[in-house]
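# Tertiary structure, described
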Amino acid sequence: MPLEDLPTLREKVIVQNSLLCLLKGIQGRITVVELRNESEVCGRIDYVDAFMNTNMSNVVFSDPFGKETKMDVFYVRGKNIRYVQIPDDVNILQTIKQTLDGPGRQMRLRNKPKETVVMDKRSDHPYGPAQNKLRQSKEAAQKRGQAYLAELLEKKRIAKLTEKTEKEKSTPATESAKTDDV
């Protein structure tokens, strides 16, 4: 069953990128759908959407206690499905391929991702020279900042040394004056 009957692009993409394409491929076949509440539904799958919501016809519903009920139409919400038994006569790979090769697939191939180009140098990039200039100016500013910090540290070191030498000069003079007074 091709993907052309899906109403939105979002649903087509979901089906193409998951195993829902297999479930779409067995539309029109009789199979067993096991539900999360331990019930089973055996019947013909009429329609499956991208959220695994399933419409079935000519159904035999078996509840968890084994009681069977025949119904003409049955709807199963996707989140209530535990398993879908694929019939033995279905070739899984071929069914997936047939489902994906339908008309909905051509749109996806037309919008294939662009080729990735690896550049050897930054200057190969269209904005390379501007980026290089910006990077060089940042590096120059860092160097200027480092030079400025180094200059400040040197000035502080010199100031401490001169202060220390002044204290040393003034300290012996006061001590000698004290010794003279005694």
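The present account deals with the structure reproduced in this document. (Residues numbered from 1 in each chain as written. Predicted model: local features only at pLDDT ≥ 70, side-chain atom pairs only at ≥ 80, totals over all residues. Heavy atoms only, no water.)

Here we take up the overall build of the protein chain. Helix and strand counts for the protein chain stand at five helices and five strands. When the helices and strands of the protein chain are read in sequence order from the N terminus, they spell out α-α-β-β-β-β-β-α-α-α. Taking all 182 residues of the protein chain together, 26% fall into the buried category. Pairs at least 24 residues apart make up 46% of the contacts formed inside the protein chain by residues separated by at least 6 positions. (Helix = DSSP H or I, 4+ residues; strand = E, 2+ residues; numbered from the N terminus. Buried < 20%, exposed > 50% of the residue type's maximum accessible area, 1.4 Å probe, protein only. Contact = heavy atoms within 4.5 Å.)

Among the surface-exposed residues, Tyr-148, Leu-149 and Leu-152 lie close enough to one another that they form a single nonpolar patch of about 310 Å² accessible area. As for its placement among the helices and strands, Tyr-148 is situated in helix α5 (residues 128-181). (Patch = residues over 30% accessible without salt bridge, like charges linked within 9 Å, V, L, I, M, F, W, Y side chains within 5 Å. Areas by Shrake-Rupley, 256 points an atom, 1.4 Å probe, with all protein chains shown as cover. Salt bridge = Lys/Arg side-chain N within 4 Å of Asp/Glu carboxyl O.)

Take the sheet that holds strand β1 (residues 30-35) next. On the basis of which strands lie adjacent, the open sheet formed by five strands has the order β4-β3-β2-β1-β5 and antiparallel pairing. What marks the edges here is a single partner per strand, and that holds for β4 (68-76) and β5 (81-85). For this sheet, the mean angle separating the axes of adjacent strands, direction not counted, is 30°. Pairing geometry for β1 and strand β2 (residues 40-48), over five bridges, is antiparallel. Across the sheet, the residue bridging to Ile-30 is Arg-44, located in β2. (Pairing = 2+ DSSP bridges. Axes fitted to C-alpha atoms, helices over the stretch in contact; angles between N-to-C directions.)

Attention now goes to helix α3 (residues 92-100). Along α3, the positions that sit buried rather than exposed are Thr-95, Ile-96, Thr-99 and Leu-100. With its buried residues spanning 125° around the axis, α3 presents them on a single face. Seen from the open side of α3, the exposed residues pointing more than 90 degrees away from its buried face are Leu-93, Lys-97 and Gln-98. Of the residues that open α3, the one with a side-chain oxygen 3.4 Å from the backbone nitrogen of Leu-93 is Asn-91. (Arc of directions from axis to C-beta. Polar contact = N/O pair within 3.5 Å; in protein donor to acceptor, adjacent residues only side chain to side chain.)

Quick look at the pattern of salt bridges now. Under the definition given, this model contains four salt bridges. Here Arg-29 and Asp-89 are joined by a salt bridge, their closest N and O atoms 3.0 Å apart. Placement of Arg-29 in the loop between α2 (20-25) and β1 and of Asp-89 in the loop between β5 and α3 is noted, with a sequence separation of 60 residues between them. We classify Arg-29 as partly exposed; its relative accessible area is 34%. Given the relative accessible area of 59%, Asp-89 is considered exposed. Residues Arg-157 and Glu-154 are paired through a salt bridge, measuring 2.5 Å at the closest nitrogen-oxygen approach. Here the residue Arg-157 and the residue Glu-154 both occupy positions in helix α5, the gap between them amounting to three residues, near one helical turn.

Looking at chain direction, strand β3 (residues 54-62) and β4 are connected through eight bridges and run antiparallel. Within β4, the position partnered with Val-60 by the bridge is Lys-70. The hairpin formed by β3 and β4 contains five residues between the paired strands, and Gly-66 there has a positive phi angle of roughly 95°.

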